[in-house]
Amino acid sequence: MSAAQSVFSSSYAEARRKFLQAAADAGLAVEAKPHPLPGLEGEQIAMDVARDGEPGASKLLIVSSGCHGVEGYCGSGVQVDALRDEAARARAAKAGVAVLYIHGLNPYGFSHFRRTTHENIDLNRNFHDFSAPLPRNADYPELHPLLVPPQWPPSAENLQALQDYVAKHGEKAYQSAISRGQHEFADGLFYGGTAPSWSNLAVREVLRAHGRRAGRIAWIDIHTGLGPSGLGERIFAGRDDKPGIARARAWWDGGGRTPVTSIYDGSSSSALLTGMMFNSAYDECPQAEYTGMALEYGTVPVMETFHALRGEQWLNRHPDAPAALAAEIRRTNFNAFYTDSDMWREQVLLQAREAMAQAVDGLAA
């Protein structure tokens with residue numbers, strides 16, 4: 001097993017075990033927030049939190065994994081690698097930066113190879129003021145009956161109908177219609193929910209406990225599934241304000257070598273989204289200057305990713321599906337969000353190490 005491979009895992013139980021061991025080896029206590037439901041194999045699942053640094057540190061770097069469940073297989077490896085990196089940990093400590101690791105933001109999806117939570121909620125579309133009217137995705141209802149057909153694999157007619165939509169509107173419009181978030185179809189894709197999910201409430205508790213004393217907070221949230229294979233796109237994750245975007249670009253663009261993209265100006269591989277998790281940082285830590293990004297690693301072409309998600313959503317609607325078909329669907333979804341090669345893993349780690357070091361420098365400046 002290569003050094004890069006040793007920090008990654010192929011099951012949630014293995015990933016959690018490695019994270020807990022890496023934290024213990026680093027001398028860090030772990031706070032577990034147990035999930036109310038079991039994992040795919042009946043194992044206990046939890047959102048696990050480890051803090052490396054002084055409780056009262058004024059500068060805090062958050063590194064999180066598993067917002068989108070199955071994407072946690074990448075993010076967990078990044079976190080385990082960082083916990084094992086004694087030189088990087090010492091560098092952050094010298095700069096007065098505490099590092100907060102949140103492992104498995106959505107542990108249910110992580111274990112079950114799902115992108116969503118147990119409520120079928122896309123966690124990164126769930127951070128709204130639910131006392132106010134929710135945004136409406138007017139483009140999604142037309143696609144909803146096509147996206148999750150009554151049978152899997154889908155019929156030739158179903159595939160043709162989706163191809164016709166893409167031919168008429170374009171791939172970008174198709175991506176936006178599906179992925180920006182919707183609140184009307186609880187059994188659909190990219191559902192944002194009508195109330196805070198379990199993971200939403202749990203991460204807010206973590207932020208209140210660890211972020212209220214910080215004057216400056218940076219947040220790197222690890223994602224996969226968009227962009228060229230192995231490339232870690234640095235997507236600005238914050239409100240659409242010029243100082244925040246400028247600060248993120250000053251920290252992370254590497255002099256233009258690693259540009260920071262934005263959903264607000266169309267430069268990102270992601271569509272313009274609603275209800276994103278970064279809203280919780282502003283809500284729960286209003287005293288802090290916040291700077292965030294999603295580190296989004298490419299895997300397979302986006303149309304393959306959407307096809308995998310369609311299959312996984314079909315399986316969620318058909319829990320009595322044959323075991324072989326269920327296993328195939330989960331494996332396809334895993335492969336859409338994690339590339340099982342040393343080259344990909346090494347690219348992931350190199351870019352994550354750099355982004356974390358840049359965040360430490362930015363916070364310390």
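The model shown is predicted, which means the values in this text are computed figures rather than measured ones.

J.: Whenever I open this one, the overall build of the chain confuses me. Can you help?
T.: Looking only at helices and strands, the chain has 13 helices and 8 strands in total. Relative to a compact globule of 365 residues, whose C-alpha radius of gyration would be 21 Å, the chain shows 19 Å and is just as compact. Taken along the three principal axes of its C-alpha coordinates, the chain extends 60 × 45 × 40 Å. By residue count, 59% of the 365 residues in the chain fall in the buried class. Of all intrachain contacts in the chain linking residues separated by at least 6 positions in sequence, the fraction that spans at least 24 positions is 81%. Per element, the accessible surface of the chain, about 14400 Å² overall, is 55% carbon and sulfur. Distance from the positive charge centre (34 side chains) to the negative charge centre (42 side chains) of the chain: 5 Å.

J.: Teacher, can you tell me more about the packing of helix 7 (residues 171-179) against helix 11 (residues 302-317) here?
T.: Two quantities define a packed helix pair, namely the angle between the axes and the distance from one axis to the other. Packing of helix 7 against helix 11 leaves a shortest axis separation of 11 Å and a crossing angle of 35°. Note that helix 7 runs across helix 11; the crossing there is left-handed. Along the contact surface, helix 7 presents Glu171, Tyr174, Gln175, Ile178 and Ser179, while helix 11 presents Val302, Met303 and Phe306. Classifying every residue of the contact of helix 7 with helix 11 gives 5 nonpolar, 2 polar and 1 charged.

J.: In this structure, what is going on with the packing of helix 2 (residues 72-84) against helix 13 (residues 342-364)? I would like to understand it.
T.: Relative to each other, helix 2 and helix 13 sit at 60°, their axes nearing to 10 Å. As the angle between them shows, helix 2 and helix 13 are arranged oblique. Crossing handedness for the pair helix 2 and helix 13: right-handed. Within the contact between the two elements, helix 2 uses Cys74, Gly77, Val78, Asp81 and Ala82 and helix 13 uses Trp344, Val348, Leu349, Ala352, Arg353 and Met356. Here the residues of the contact of helix 2 with helix 13 sort into 8 nonpolar, 1 polar and 2 charged.

J.: Teacher, can you tell me more about the packing of aromatic side chains here?
T.: Aromatic ring pairs: the centre-centre distance and the angle between the two ring planes describe each pair. Using the criterion set out here, one finds 15 aromatic pairs in the structure. For the pair Tyr73 and Phe110, a centre-to-centre distance of 4.7 Å together with 80° between the ring planes defines the contact as edge-to-face. Of the two residues, Tyr73 is situated in helix 2 and Phe110 in helix 4 (residues 107-112); the sequence distance between them amounts to 37 residues. You can call Tyr73 buried: its relative accessible area is 1%. Residue classification places Phe110 among the buried residues on the basis of a relative accessible area of 0%. When the centroid spacing of 5.4 Å and the interplanar angle of 5° are considered together, the rings of Tyr73 and Phe113 count as stacked. With Tyr73 in helix 2 and Phe113 in the loop between helix 4 and helix 5 (140-147), this pair connects stretches of sequence that are 40 residues apart. The same class applies to Tyr73 as to Phe113, namely buried. Through successive ring pairs, a cluster of aromatic residues spans Phe8, Tyr12, Tyr73, Phe110, Phe113, Phe334, Tyr338 and Trp344. Its end group placed over the ring of Tyr282, Arg239 keeps NZ or CZ at 4.0 Å from the ring centre.

J.: Can you help me understand the environment of Glu142 in this one?
T.: Counting through the fold element by element, Glu142 comes out in helix 5. In this structure Glu142 comes out as exposed when scored by relative accessible area, which is 53%. When the C-alpha positions of Glu142 and Ala177 are compared, they lie 9.4 Å apart, and in sequence the two are 35 residues distant.

J.: When you look at the pattern of salt bridges in this model, what are you seeing that I'm missing?
T.: Note that side chains of opposite charge can pair when their charged atoms are close. Applying the stated criterion to the full structure yields 25 salt bridges. Linking Arg115 and Glu71 is a salt bridge whose minimum nitrogen-to-oxygen distance equals 3.5 Å. With Arg115 in the loop between helix 4 and helix 5 and Glu71 in the loop between strand 3 (59-64) and helix 2, this residue pair connects regions lying 44 residues apart in the sequence. In this structure Arg115 comes out as buried when scored by relative accessible area, which is 10%. Put simply, Glu354 and Arg257 hold a salt bridge, and the shortest N to O gap is 2.4 Å. Residue Glu354 is located in helix 13, and its partner Arg257 is located in the loop between helix 9 (242-252) and strand 7 (260-261); the two are separated by 97 residues in the primary sequence. Linked through salt bridges whose partners overlap, the residues forming this network are Arg204, Arg208, Arg212, Asp283 and Glu284.

J.: Help me understand empty space enclosed by the protein in this model?
T.: Space left empty within the atom packing is revealed by a probe, the size of a water molecule, rolled over the atoms. Summed over all chains, the structure comprises 3 cavities of 30 Å³ or more. Here the largest cavity is characterised by a volume of approximately 270 Å³. Lining of the largest cavity is provided by 26 residues; of these, Arg115, Arg125, Leu226, Ser270 and Glu296 occupy positions nearest its centre. Of all the elements in the fold, those that place two or more residues in the lining of the largest cavity are helix 7, strand 5 (216-229), strand 6 (232-236), strand 8 (289-298) and helix 11. Along the lines of polarity and charge, the residues of the lining of the largest cavity split into 13 nonpolar, 9 polar and 4 charged. Taken as a whole, the second largest cavity holds about 110 Å³ of empty space. Looking at the second largest cavity, the residues that line it are Asn124, Trp219, Asp221, His223, Ala237, Met276, Met277, Phe278, Tyr290, Gly292, Met293 and Ala294.

Parameters at a glance
Counting restarts for each chain, with residues numbered from 1 along the sequence as it is written. The model is predicted, so local features are restricted to residues of pLDDT at least 70 and side-chain atom pairs to those at 80 or more, both for listing and for counting; the totals for chains, interfaces and linings are taken over all residues. As a rule here, side-chain values cover all heavy atoms of the structure and leave hydrogens and water aside. Helix numbering and strand numbering both begin at the N terminus, where a helix is a DSSP run of H or I of at least 4 residues and a strand a DSSP run of E of at least 2. Only C-alpha atoms enter the radius of gyration; for comparison, a globular chain is expected to reach 2.2 Å times N to the power 0.38, where N is the number of residues. Burial status follows relative accessibility: with a 1.4 Å probe on protein chains alone, a residue under 20% of its type maximum counts as buried, one over 50% as exposed, and anything between as partly exposed. In what follows, a contact means two residues having at least one pair of non-hydrogen atoms within 4.5 Å. Under the convention used here, a 1.4 Å probe and the Shrake-Rupley method define accessible areas, while residue burial counts only the protein chains that appear. Within this scheme the basic residues Lys and Arg register as positive and the acidic residues Asp and Glu register as negative, but His and the chain ends are omitted. A single reference atom marks each charge: NZ on Lys, CZ on Arg, CG on Asp, CD on Glu. To get an axis, a line is fitted to the C-alpha atoms, and for a helix only the part in contact is used. The angle between two axes follows their N-to-C directions and goes from 0 to 180 degrees. Crossing handedness is defined as follows: a turn of the near helix away from the far one that is anticlockwise and smaller than a right angle gives a left-handed crossing, while the clockwise case is right-handed. In this classification, Asp, Glu, Lys and Arg are treated as charged, Ala, Val, Leu, Ile, Met, Phe, Trp, Tyr, Cys and Pro as nonpolar, and every other residue, Gly included, as polar. For classification purposes, angles smaller than 35 degrees are called roughly parallel, those larger than 145 roughly antiparallel, those between 65 and 115 roughly perpendicular, and all remaining angles oblique. Two rings from Phe, Tyr or Trp (for Trp, the six-membered ring) form a pair when their centres sit within 6.5 Å of each other. Planes less than 30 degrees apart are called stacked, planes more than 60 degrees apart edge-to-face, and all others tilted. Two conditions define a charge located above a ring, namely a distance within 6 Å from the ring centre to NZ of Lys or CZ of Arg, and an angle within 35 degrees of the ring normal. Whenever Lys or Arg places a side-chain nitrogen within 4 Å of a carboxyl oxygen from Asp or Glu, that contact is recorded as a salt bridge. Cavity means a closed set of points on a 1 Å grid over the protein atoms alone, one where a 1.4 Å probe fits but cannot get out, pocket means an open set with protein on both sides within 12 Å along at least 5 of 7 lines, and lining means a residue has an atom within 4 Å of a point. Grid points are joined across faces, edges and corners, and a volume is the space filled by probe spheres set on the points.

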